[in-house]
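# Residue-level structural notes
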Amino acid sequence: MNYHDYMTAAVQWAESAGMETLKYFRSSNLRSVTKQNDFDVLTEADKASERIIIESIRSTFPDHSILSEESGESSNPDSDWLWVIDPLDGTTNFKQGLPVYSISIALQYRGETVAGVVYAPYLGEMFSAYKGGGAYLNNHPIHCGRNGRLSTMVTATGMPYDRAVHPDNNLGNIARVSTQVRGIRRMGSAAIDLAYTAAGYFDAYWELNLNLWDVAAGILLVTEAGGIVESIRTDRNHSVMAGSRESLDAFRHLIE
Ligand code: IPD
Ligand code: CA
Ligand code: CA
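Throughout this document, residue positions are counted from 1 along each chain, in the order its sequence is written. Working convention: letters from A go to chains and numbers from 1 go to ligands, in the order in which they are written. Local features in a predicted model are, by the rule used here, given only for residues with pLDDT of at least 70; side-chain atom pairs are given and counted only at 80 or more, and totals for whole chains, interfaces and linings are based on all residues. Side-chain figures throughout are based on the complete set of non-hydrogen atoms in the structure, without hydrogens or water.

## Quick word on the coordination of the calcium ion (ligand 3)
- Looking at the metal site, the calcium ion (ligand 3) is ligated by E69 (OE), D86 (OD) and L88 (O), spaced 2.2 to 2.3 Å from it.
- Here a donor is an N, O or S atom found within 2.8 Å of the metal, or within 3.2 Å if the metal is Na, K or Ca; sites may look incomplete because water is not among the atoms. Summarised as a motif, the one-chain spacing of the donors to the calcium ion (ligand 3) is E-x16-D-x1-L.
- A separation of 3.7 Å is found between the calcium ion (ligand 3) and the calcium ion (ligand 2), both of which receive a donor from D86. Of this pair, E69 sits in the loop between strand 3 (65–68) and strand 4 (72–74) while L88 sits in strand 5 (residues 81–89); the two residues are 19 residues apart in sequence, bridging distant segments of the chain.
- Residue L88 is classed as buried on the basis of its relative accessible area, which comes to 1%. Elements are defined by DSSP. Helices are runs of H or I of four residues or more, strands are runs of E of two residues or more, and each kind is numbered from the N terminus. Each residue is assigned to one of three classes by its accessible area relative to the maximum for its type, calculated with a 1.4 Å probe on protein chains only: buried under 20%, partly exposed between the two thresholds, exposed over 50%.

Okay, structure coming up:
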């Protein structure tokens, strides 16, 4: 199998999982619990989506390792392949009935992401990429924007779950960026933020303290769409800035 074939498999799994999530979306009796704190919620749709994806991987690639947000890591030390899954990215939106949520599936070979999909089921948007093969939205090629003029940029960010207790909470950056750019958005799904950056809908995106499952597929989308992704912290998990080189050259200095 080549990277394209793996990507195609992930597209199918994301479609099945996405269809499952739609059964729960805006249902009045959606069950949920909180995780680390009240800001961090988990619904039965997250679990149902994860079940479908993990069962699909296990039946298709029984030797591969898996890292998935809700069920953790099941690793095979003899395998070079790791599937990294966020079964529902944007759970707060999902629980509120807001349609900006996604399923993110990435495949790493020896630690390098070689295929990735971000699927927004309600929006009908399937983003996909494979190493060396470009990035796509619903099978059409996408490219990062080339806007290098700060005052006309539209940017996206998020706020970490520990923002109430951790001083490095991104609020200073948000205040600074807001006064310099045309727009700033907080979509609520890091995977969609990266996918929209890959498609040029956002000129730049940054966020602190994410997990690998939030960003693995999205980072490949951006790089395969001709953009760059930079790490902006050494001590805050996955903290990233993404966009085209032109955009980030104009934007980067605003982020501390
Ligand atoms: C969250 C979303 C959100 C980001 C959070 C993530 P989840 O993922 O990606 O946009 O700001 O930091 O944890 O919890 O909905 O899978
Ligand atoms: Ca997530
Ligand atoms: Ca999630």
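## Observations regarding the packing of aromatic side chains
- Pairing of aromatic side chains here covers Phe, Tyr and the six-membered ring of Trp, requires ring centres within 6.5 Å, and sorts the geometry by plane angle: under 30 degrees stacked, over 60 edge-to-face, intermediate tilted. Considering all chains together, one arrives at 15 aromatic pairs under this definition.
- Centre to centre, the rings of F94 and Y101 are 4.8 Å apart; their planes meet at 85 degrees, and the pair counts as edge-to-face. When sorted by exposure, F94 lands in the same class as Y101, which is buried.
- Feature note: the residues Y6, W13, F61, W81, W83 and Y109 constitute an aromatic cluster, connected by ring pairs.

## Some points on the sheet that holds strand 13 (residues 204–210)
- In space, the 5 strands of this open sheet follow the order 12-11-13-15-14, with mixed pairing throughout. Strands with a single pairing partner mark the edges of an open sheet, and in this sheet they are strand 12 (183–185) and strand 14 (228–231). Recorded for the sheet is a direction-independent mean angle of 15 degrees between the axes of neighbouring strands.
- Sheet topology note: the strand 13/strand 15 (residues 238–243) ladder contains 5 bridges and is antiparallel. Along strand 15, the bridge assignment pairs A204 with G243. A strand pair is defined by DSSP finding two or more bridges across the two strands. Each axis is a line fitted through C-alpha atoms, taken for helices only over the stretch in contact, and angles between the N-to-C directions span 0 to 180 degrees.

## A short note on the sheet that holds strand 3
- If you walk across this open sheet you meet the 8 strands as 4-3-5-6-7-8-9-10, and the pairing is mixed. Only two strands of the sheet have a single neighbouring strand rather than two, namely strand 4 and strand 10 (140–141).
- Across 7 bridges, the pairing between strand 6 (residues 102–109) and strand 7 (residues 112–120) is antiparallel. Residue Q108 lies in a different strand from strand 7, and its bridge partner there is T113.

## Regarding unusual backbone geometry
- Backbone geometry at N209 places phi at a positive 60 degrees, although glycine is not the residue there.
- Of note, N209 is situated in strand 13.
- At N237, a residue that is not glycine, the phi angle is positive and equals roughly 50 degrees.
- By secondary structure assignment, the location of N237 is in the loop between strand 14 and strand 15.

## Section: the coordination of the calcium ion (ligand 2)
- For the calcium ion (ligand 2), the protein coordination sphere consists of D86 (OD), D89 (OD) and D214 (OD), at 2.1 to 2.2 Å.
- Of note, the calcium ion (ligand 2) draws all its donor residues from one chain, in the sequence arrangement D-x2-D-x124-D.
- D86 sits in the buried class, given a relative accessible area of 1%.
- Judged by its relative accessible area of 10%, D214 falls in the buried class.

## Some thoughts on the site of ligand 1
- Summary of the distance rule: residues count as near a molecule or strand when at least one heavy atom falls within 4 Å of that molecule or strand. Surrounding ligand 1, one finds 15 residues, the nearest of these being D89, G90, T91, A190 and E207.
- Contact with the protein chains removes 95% of the 380 Å² of surface that ligand 1 exposes when unbound.
- A 1.4 Å probe that fits into a set of points on a 1 Å grid over the protein atoms alone but cannot get out defines a cavity; an open set with protein on both sides within 12 Å along at least five of seven lines defines a pocket, and lining residues are those with an atom within 4 Å of a point. The rule for placing a molecule in a cavity or pocket is simple: more than half of its atoms must lie within 2 Å of the grid points. For ligand 1, the cavity whose grid points lie within 2 Å of the majority of its atoms is the largest pocket.
- Among the elements of the structure, strand 5 and strand 13 are those that each provide at least two residues to the shell around ligand 1.
- Looking at the shell around ligand 1 element by element, the count peaks at 3 residues for strand 5.
- Amino acids are sorted into nonpolar (Ala, Val, Leu, Ile, Met, Phe, Trp, Tyr, Cys and Pro), charged (Asp, Glu, Lys and Arg) and polar (every other residue, Gly among them). Its residues assigned to classes, the shell around ligand 1 comprises 5 nonpolar, 4 polar and 6 charged. Here, Shrake-Rupley sampling with a 1.4 Å probe gives the accessible areas, and only protein chains in the shown set may cover a residue.

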